[in-house]
Amino acid sequence: MRVSRFVLLGALMVGVAAPAVAQLRAARPPRPVQRLPRLFVATPFVFATTDSTAAVRVGDGLRKRMDKVAGKWFRVISRDQMNEALMQYAYPSDAVLAPMVSLQLAKTLQARAMVAGTMSKGGDNLFSAVVRVLGVNDKAGYLVALNQVENESLEDFGKKLADLLDEAFKALPDAQECWEKQADDPEEAMKKAANALKRLPNHGLAEFCLGQIHADQHSPSDSVISHFRNATRGDSLSLDAWSQLAIQYEATGDSNGTIDTFKQMLRVAPTNQALRDNAFRVFQAYGRPDEALNVTDEAIRLDPSNPEWYDLKSNACLAQSNFACAIDALEQMYDIDAEKADTIFFLKIGIAADQQPDTTRLLKWSSLGARKYPGNVGILNYLVKAYSYAGPLDSLVATTRRYVAVDSSDVTPVLVAMQSLINEGRFDDAYSLGEIVQRIGTPDDTRNFAVMLLQRVPPLVQEQPQDYALAASVTAQILKLTTDQQVLQQANFWHGAASWNMVIALDAQIREQKTCDLVRQSEALIDEARTAMEIGQVVSQEYGQSVLNGIQGYRSTITAMGKAFCK
């Protein structure tokens, strides 16, 4: 019985013990959820839109593996979360964004770090990719490159890229601590940098931090340069690191180092306009203006499908006033990706085509630009110029009016159009645009219009076939336009000359037709010629006096004709 009782007691104890343990476990407070900072993993950027689907698949593989690689330090923003944010900013799901746009999205999503890069397809239809990891506010990070192997899926390719960043994530906390402490506690900062570099030599941020510390401490330039150079080895896409390296080279008078560094910066950021301008100035100052073209030609050979290189080449060509080269580069850029043709594209090609002028290409591209951006006054200005060079003149008049409707603050394009119309003898159209100048232009603009008309008058009087009536009509318009004394004297001189020659031509008609109307017409012209030449004879005293003498002598003749024919 004792045995049975003990056996039963043991059995009861076992039955009671299990629920007791369960109750103890249930009563424990839940483990706190570790709130890790966010990591944004961007879809690799591709320049060819046909590769976008492949980029999304690589990005998906990269993102999924990153949970394993970086999960100790970061919480990866999921593809769904990324797409939700993209749609909020009017992007489609799985949009492939340029690295700088990805950085802005990462900051919007309050990420502390990001993985971003680019990929391109080779002639063997396999992809190459470059990705880097860095804090969203860091000066540099760490970069890895990888080529896809045959029969490797795009997702697996993305996973292998993630695996290559394993050590970079392990080194990142120490590198960031270095930067946080470098101003206040440089010794401790250098220890943190040493820890990061022990794990991953040439880590971009760690080396940048050391370079900054040595620069602040005025260490020998070789030491400073060495650290910034190592930073670019770890992260060759860090524009900050290259910029610091250029500053150091320039300070030491190393022209080759400065030029080579600016060339590398152009490779990193070919669309950075401020950098372009600075680099071109540096190349010019060192007597090496061809270096920018060398960079672009080399890049195009390696990556002919990247439109950014052609855009950079166009700027390099413009810097050397090689306008045909600039147009060629921009046209190649358009052929690769017409969506890249923004307002700056059309303005640049307008500048280049207007210099020669290359009238055919100026008309082609300004027409395309005006259709795409109908309200852009700069592009409309070039379209006015194109029509003024090559016609048709009806389109010139219509486009000029369209320009004024968009922007009435500058009548320069209107004057350009009027000059072409005057040159072609389209005076009525010129007068119609002249009304715009008188309405919204300055007195100087109106005087310029008068001068344009005045330049066309002497050939009408002096060259065969003469058109005295048109000359008189044009000068009459000029006399209404301006108060400028010199222009008025010139206009009166030619108006008097044209009117007097009309009197001479009319004399034969009066003698033949013997009508009073012609006599009265002649008398009016005589008065007009006399009044104008009395003011205008200062232009040519000899000719002016001969006209006035002729008028005086002809008075008796026209009076006699009036008595004979006006009864």
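Residues numbered from 1 in each chain as written. Predicted model: local features only at pLDDT ≥ 70, side-chain atom pairs only at ≥ 80, totals over all residues. Heavy atoms only, no water.

Caption draft 1: Structural view of the overall build of the chain. Within the chain one finds 26 helices and 5 strands. Against the globule reference of 24 Å for 567 residues, the chain gives a C-alpha radius of gyration of 40 Å, more extended than a compact globule. Per-residue burial over the chain gives 47% buried out of 567 residues. Long-range pairs, those at least 24 residues apart, make up 58% of the contacts in the chain between residues at least 6 apart in sequence. (Helix = DSSP H or I, 4+ residues; strand = E, 2+ residues; numbered from the N terminus. Rg over C-alpha atoms; globule rule 2.2 N^0.38 Å. Buried < 20%, exposed > 50% of the residue type's maximum accessible area, 1.4 Å probe, protein only. Contact = heavy atoms within 4.5 Å.)

Caption draft 2: The arrangement of the confidence of the model for the chain in detail. Residue-level pLDDT values for the chain average 89, and 94% of them are 70 or greater. Residue range residues 1-28 is modelled with pLDDT below 50. Its contacts to residues more than four positions away, or to other chains, number 0 contacts. (pLDDT = per-residue confidence, 0-100.)

Caption draft 3: Spatial organisation of the environment of Leu421. Mapped onto the fold, Leu421 is located in helix 20 (residues 412-423). In the structure, Leu421 is positioned 69 residues away from Ala352 in sequence and 24 Å away in space, judged by C-alpha atoms. Ignoring anything within four residues of it in the chain, the contact list for Leu421 reads Leu393, Leu396, Val397, Arg426, Asp429, Ala430 and Leu433.

Caption draft 4: Helix 20, seen in detail. Look at helix 20: 17 Å from first C-alpha to last across 12 residues, which is about the 16 Å you get at 1.5 Å a residue. Residues Pro413, Val414, Leu415, Ala417, Met418, Ser420, Leu421 and Ile422 constitute the buried set of helix 20. Along its buried surface, helix 20 packs onto helix 18 (377-390), helix 19 (393-406), helix 21 (427-440) and helix 22 (443-462). The first or second residue beyond helix 20 is Gly425, which carries a positive phi of 75 degrees. (Expected span 1.5 Å × (residues − 1).)

Caption draft 5: Expanded view of the side chain of Thr258. Structurally, Thr258 can be placed in helix 11 (residues 255-268). On the basis of relative accessible area, Thr258 is assigned to the buried category, the value being 0%. Beyond its immediate stretch of four places on either side in the chain, Thr258 contacts Ala246, Tyr249, Glu250, Val282 and Tyr286.

Caption draft 6: Structural context of the side chain of His495. Position of His495 among the secondary structure elements: in helix 24 (residues 485-513). Excluding residues within four positions of it along the chain, His495 makes contact with Ala472, Thr475, Ala476, Glu528 and Ala532.

Caption draft 7: Highlighting the nonpolar core. One finds Leu453 and Ile478 to be the most contacted residues of the largest nonpolar core, which totals 108 residues. The greatest single-element share of this core, amounting to 10 residues, is contributed by helix 24. With near-sequence residues (within four places) excluded, Leu453 lies in contact with Ile422, Phe427, Tyr431, Val474, Ile478 and Leu481. (Core = buried A, V, L, I, M, F, W, Y, C linked by side-chain atoms within 4.5 Å.)

Caption draft 8: Examining the state of the cysteines more closely. All told, the structure shown has 3 disulfides when counted by the stated rule. Paired through a disulfide, Cys516 and Cys566 show a sulfur-sulfur distance of 2.1 Å. Note on the Cys516 and Cys566 pair: the S-S dihedral is about 105 degrees, so by sign convention the disulfide is right-handed. With Cys516 in helix 25 (residues 516-536) and Cys566 in the segment after helix 26 (541-565), the pair connects residues that are 50 residues apart, well separated along the chain. You can call Cys516 partly exposed: its relative accessible area is 25%. Using a relative accessible area of 18% as the deciding quantity, one classes Cys566 as buried. (Disulfide = S-S within 2.5 Å.)

Caption draft 9: How the structure looks around the pattern of salt bridges. Scanning the model with the defined rule gives 30 salt bridges in all. Here Asp60 ties to Arg79 by a salt bridge, and the two come within 3.3 Å at their closest N and O atoms. Linking Asp60 in helix 2 (residues 52-70) with Arg79 in helix 3 (residues 79-88), this pair joins segments that are 19 residues apart in sequence. One salt-bridge network, in which partners are shared between bridges, spans Asp60, Arg63, Lys64, Arg79 and Asp94. (Salt bridge = Lys/Arg side-chain N within 4 Å of Asp/Glu carboxyl O.)

Caption draft 10: Broad picture of unusual backbone geometry. In the segment running from Gly391 into Pro392, the intervening peptide bond is cis, with an omega of -5 degrees. Note on placement: Pro392 falls in the loop between helix 18 and helix 19. Residues Gln464 and Pro465 are joined by a peptide bond in cis, for which omega reads -10 degrees. One can find Pro465 in the loop between helix 22 and helix 23 (468-481). Its identity is not glycine, yet Asn202 carries a phi of approximately 65 degrees, on the positive side. Note that Asn202 resides in the loop between helix 7 (186-199) and helix 8 (204-216). Judged by relative accessible area, Asn202 falls into the partly exposed class, the value being 27%.

Caption draft 11: Spatial organisation of the sheet that holds strand 2 (residues 75-76). Here we have 5 strands laid out as an open sheet, ordered 2-1-3-4-5, and mixed in their pairing. Across the chains shown, the open sheet's two edge strands, defined by having one partner strand only, are strand 2 and strand 5 (142-147). (Pairing = 2+ DSSP bridges.)

Caption draft 12: Structural detail: helix 24. With 29 residues, helix 24 should cover 42 Å at 1.5 Å per step; its first-to-last C-alpha distance of 41 Å lies within 8% of that length. Within helix 24, the axis deviates most sharply at Leu506, by approximately 25 degrees. The N-cap of helix 24, judged by a side-chain oxygen 3.2 Å from the amide nitrogen of Gln486 a few residues on, is Asp484. After helix 24 finishes, the residue Lys514 shows a positive phi value of roughly 55 degrees. (Bend = angle between axes of the 7 residues up to and from the residue. Polar contact = N/O pair within 3.5 Å; in protein donor to acceptor, adjacent residues only side chain to side chain.)

Caption draft 13: A look at the pairing of strand 1 (residues 38-41). Two elements, strand 1 and strand 2, share 2 bridges in a ladder whose sense is parallel. Looking at strand 2, one finds that Arg38 is bridged to Arg75.

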